[in-house]
Amino acid sequence: MKTTNLNESPMNELPGYVRFTMIALGITLVLVAMVLGQFLLVPLAWAILLTLMVLPLAEWWERRVKIRALASVLTVLTLMIGIGGVLVLLASQAFGLAKDAPEIALKLATTIETLRHFADAQLGLPFDEQPEQFRVQFADATSGIAGTVASTVQSTLTSVALMLVVPIYMFFLLTYRALFHRFVSTMTLSKNKKHIFQTLGDVSHTVQRYLRGVGIEVVIVSVLVLILFLILGIKHALFFAVLVALLNIIPYLGVLIGSTISVAYAFVTTDSLLTPVLVFVFLWVIQIIDNNFVVPFVVGQQIKLNPLAIILVVVLGGMVWGVSGMILFIPILGMIKVIMDESPSLKPYGGLLGEGEPAGRKKTV
C-alpha cells in the first residue's frame with residue numbers, strides 16, 4: 001500500500017513549467033486587481049500599516065479607559081493630532097515660501113537671460129532668434145507638461161480624498177481586531193494554531209519595529225538637514241528639512257528627488273554658486289551618515305530585504321499605486337517575506353528576497 005507524504009501537495013506533482021506559469025498568472029492577476037481596486041485598497045493598506053504602528057498605543061489606552069471602542073477613538077485622534085500638527089507646520093512654511101515666488105521668478109529670468117547669452121556666444125545660436133527656436137521646439141512639450149500637471153493635480157486630490165477614510169478604517173480595525181483573531185483561529189487546524197499565531201505576531205512586531213525605526217530616522221535626518229540649512233542661510237529651512245527627511249523614506253529615489261529640489265531652491269534664491277554646491281555636498285554627507293550609522297543602529301534592517309528586491313518593489317509600487325505604492329510596498333514585501341520564511345515550501349523564495357550576507361546600508365546610490 002502506497003503511503004502519502006503529508007508535506008507533498010498536488011502543486012508539487014505538476015511539471016516545473018506548469019507551476020511557473022500558474023505562479024506568474026496568479027501574480028499578474030493580483031497586480032491587475034490591485035490597480036483596478038486601488039481606490040479601496042490604497043487607503044485600506046495605509047490603515048492596516050498605521051494600525052500595526054499604533055497598536056501599542058491602543059493597548060495603552062485600553063488599560064486606562066477599559067472600553068476598546070473608546071480606546072480606538074482616542075488612539076486614532078492622537079495619531080491625527082500628531083499628523084495634523086506636522087501638516088500645519090509645513091503649511092505655514094509653504095505660505096512663506098509662496099511669498100518668495102516673485103523673487104524666484106526674477107532669479108529664473110536672470111538665469112535664462114545668462115544662458116541665452118551663453119548660447120549666443122558659445123553655441124552659435126543668435127540671441128534674437130532664440131525665442132522663436134525655443135517656441136517651435138518646446139510647443140509640444142508645453143502641452144504635454146500641462147496635461148501632466150493636470151493629471152498630477154487630479155491624482156493628488158483623489159489621493160487626499162481617499163486618505164480621509166483611513167481614520168475610519170483604523171477605528172474598525174482596532175475595535176474589531178479580536179474578531180479577526182477568532183476568524184484566523186477558526187480557519188486554522190488545531191495543530192497549526194500556535195505556529196500561525198506566532199508567525200502573525202512576528203509579522204506585526206517586524207512592521208512595528210520597522211516603522212518605529214523609520215520614524216526615528218526621519219527625526220534625525222530632519223534635525224541634521226535643518227542645522228545644515230540654517231548654517232548656509234537657506235530660507236524656510238524647516239520646510240525643506242522635513243521635506244528631505246520624508247522623501248528619504250523612499251529608498252534610492254527619495255534621496256535623489258530631495259537633493260534635487262533643495263539644490264534647485266538654493267540656486268534660485270542665492271547669489272553665489274557655492275551655496276547650492278555646498279547644499280549638494282552636505283546633503284550627501286548626511287546621507288552617508290544615515291546609511292552607515294542611523295539605518296544599521298536605529299532602523300536595524302528589520303525588513304531584511306536585499307537592495308535589488310527593494311529597487312524592484314519600489315518601481316513596481318510606483319507603477320501600481322504611485323507614491324503610496326513606493327512607500328507601502330516595502331513593508332508589505334517585508335511581511336510577505338516573514339510568512340515565506342516560516343513556510344517550508346516558500347522558504348526558498350523568502351531567501352531570494354533576503355540578504356545573502358549581513359548588510360548595513362539601505363539607500364546608498
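Not measured: the values here are computed from a predicted model. (Residues numbered from 1 in each chain as written. Predicted model: local features only at pLDDT ≥ 70, side-chain atom pairs only at ≥ 80, totals over all residues. Heavy atoms only, no water.)

Draft legend 1. Geometry of the overall build of the protein chain. A tally of helices and strands in the protein chain yields 14 helices and 0 strands. Secondary structure elements of the protein chain, listed N to C terminal, follow the sequence α-α-α-α-α-α-α-α-α-α-α-α-α-α. Split into buried and exposed, the 365 residues of the protein chain put 33% on the buried side. Put simply, of all contacts in the protein chain between residues at least 6 apart along the chain, 69% involve residues at least 24 apart. (Helix = DSSP H or I, 4+ residues; strand = E, 2+ residues; numbered from the N terminus. Buried < 20%, exposed > 50% of the residue type's maximum accessible area, 1.4 Å probe, protein only. Contact = heavy atoms within 4.5 Å.)

Draft legend 2. The arrangement of the nonpolar core in detail. Grouped together as the largest cluster of nonpolar side chains are 59 residues, with contacts concentrated most on M170, V225, F229, L283, V314, W321 and I330. When residues of this core are traced back to their parent elements, those giving at least two are α3 (38-65), α4 (68-99), α7 (166-175), α9 (193-232), α10 (237-247), α11 (253-269), α12 (274-299) and α13 (307-342). For this core, the element with the most residues is α13, which contributes 14 residues. Ignoring any residue separated from it by four or fewer positions in sequence, one finds W321 in contact with M34, Q38, L41, V42, A45, L328, F329 and I332. (Core = buried A, V, L, I, M, F, W, Y, C linked by side-chain atoms within 4.5 Å.)

Draft legend 3. Main features of a nonpolar patch on the surface. Taken together, the side chains of V277, F280, V281, F282, V285, I289 and F293 define a hydrophobic patch exposed on the protein surface, amounting to about 600 Å² of accessible area. Of the residues examined, F293 reaches a relative accessible area of 52% and is grouped as exposed. (Patch = residues over 30% accessible without salt bridge, like charges linked within 9 Å, V, L, I, M, F, W, Y side chains within 5 Å. Areas by Shrake-Rupley, 256 points an atom, 1.4 Å probe, with all protein chains shown as cover. Salt bridge = Lys/Arg side-chain N within 4 Å of Asp/Glu carboxyl O.)

Draft legend 4. Geometry of the packing of α9 against α10. Running from N to C, α9 and α10 point in directions that differ by 140°, and their axes come no closer than 8 Å. In this structure, the crossing between α9 and α10 has a hand that is right-handed. Judged by residue contacts, V218, V221, S222, V225, L226, F229 and L230 of α9 engage A237, L238, F240, A241, V242, V244, A245 and L246 from α10. Of the residues contributing to the contact of α9 with α10, the split by class is 14 nonpolar, 1 polar and no charged. (Axes fitted to C-alpha atoms, helices over the stretch in contact; angles between N-to-C directions. Left-handed = near helix turned anticlockwise from the far one by under 90°. Nonpolar A, V, L, I, M, F, W, Y, C, P; charged D, E, K, R; others polar.)

Draft legend 5. Main features of the packing of α3 against α9. With their axes 9 Å apart at the nearest point, α3 and α9 run at an angle of 85° to one another. Put simply, α3 runs roughly perpendicular to α9. Together, L49, L52, M53, L55 and P56 of α3 and S204, V207, Q208 and L211 of α9 make up the contact between the two elements. Partitioning the contact of α3 with α9 into residue classes produces 7 nonpolar, 2 polar and no charged. (Parallel < 35°, antiparallel > 145°, perpendicular 65-115°, else oblique.)

Draft legend 6. Representation of unusual backbone geometry within the structure. Positioned with a positive phi, K66 is a non-glycine residue whose angle comes to about 70°. Residue position: K66 is located in the loop between α3 and α4. We classify K66 as exposed; its relative accessible area is 67%. In this model, H236 sits at a positive phi of 55°, which is unusual for a non-glycine residue.

Draft legend 7. A look at the confidence of the model for the protein chain. In the predicted model, the protein chain carries a mean pLDDT of 75, and 72% of its residues have values of at least 70. This stretch, residues 357-365, has a pLDDT under 50; its non-local contacts, to residues over four places away or in other chains, come to 26 contacts. (pLDDT = per-residue confidence, 0-100.)

Draft legend 8. Highlighting the pattern of salt bridges. In total, this model carries 3 salt bridges according to the counting rule given. Between E62 and R177 there is a salt bridge, with the nearest N and O atoms lying 2.5 Å from each other. You can see E62 sitting in helix α3 and its partner R177 sitting in helix α8 (residues 177-187), a full 115 residues away along the chain. Residues E62 and R177 agree in their burial class; the two are buried. Residues D341 and K337 are paired through a salt bridge, measuring 2.7 Å at the closest nitrogen-oxygen approach. Residue D341 and its partner K337 are located together in helix α13, separated by 4 residues, close to a single helical turn. Judged by its relative accessible area of 27%, D341 is partly exposed. The network of salt bridges with shared partners includes E62, R68 and R177.

Draft legend 9. Here's a closer look at α3. V54 marks the point of greatest bend in α3, at about 55°, and the proline P56 comes within the next four residues. K66, located one to two residues past α3, shows a positive phi value of around 70°. (Bend = angle between axes of the 7 residues up to and from the residue.)

Draft legend 10. View of the side chain of T175. Counting through the fold element by element, T175 comes out in helix α7. For T175, a relative accessible area of 14% gives the class buried. Within the structure, T175 has its side chain in polar contact with the backbone oxygen of F171 (distance 2.7 Å). (Polar contact = N/O pair within 3.5 Å; in protein donor to acceptor, adjacent residues only side chain to side chain.)

Draft legend 11. Layout of the environment of I339. As for its position among the elements, I339 is in helix α13. Not counting chain neighbours up to four residues away, the residues in contact with I339 comprise T199 and V203.

Draft legend 12. Layout of the packing of aromatic side chains. Inspection of every chain in the model, using the stated rule, returns 7 aromatic pairs. Centre to centre, the rings of F171 and F172 are 5.2 Å apart; their planes meet at 70°, and the pair counts as edge-to-face. Every member of this aromatic cluster is reached through a ring pair, and the members are F171, F172 and Y176. (Phe/Tyr/Trp six-rings, centres within 6.5 Å; stacked < 30°, edge-to-face > 60°.)

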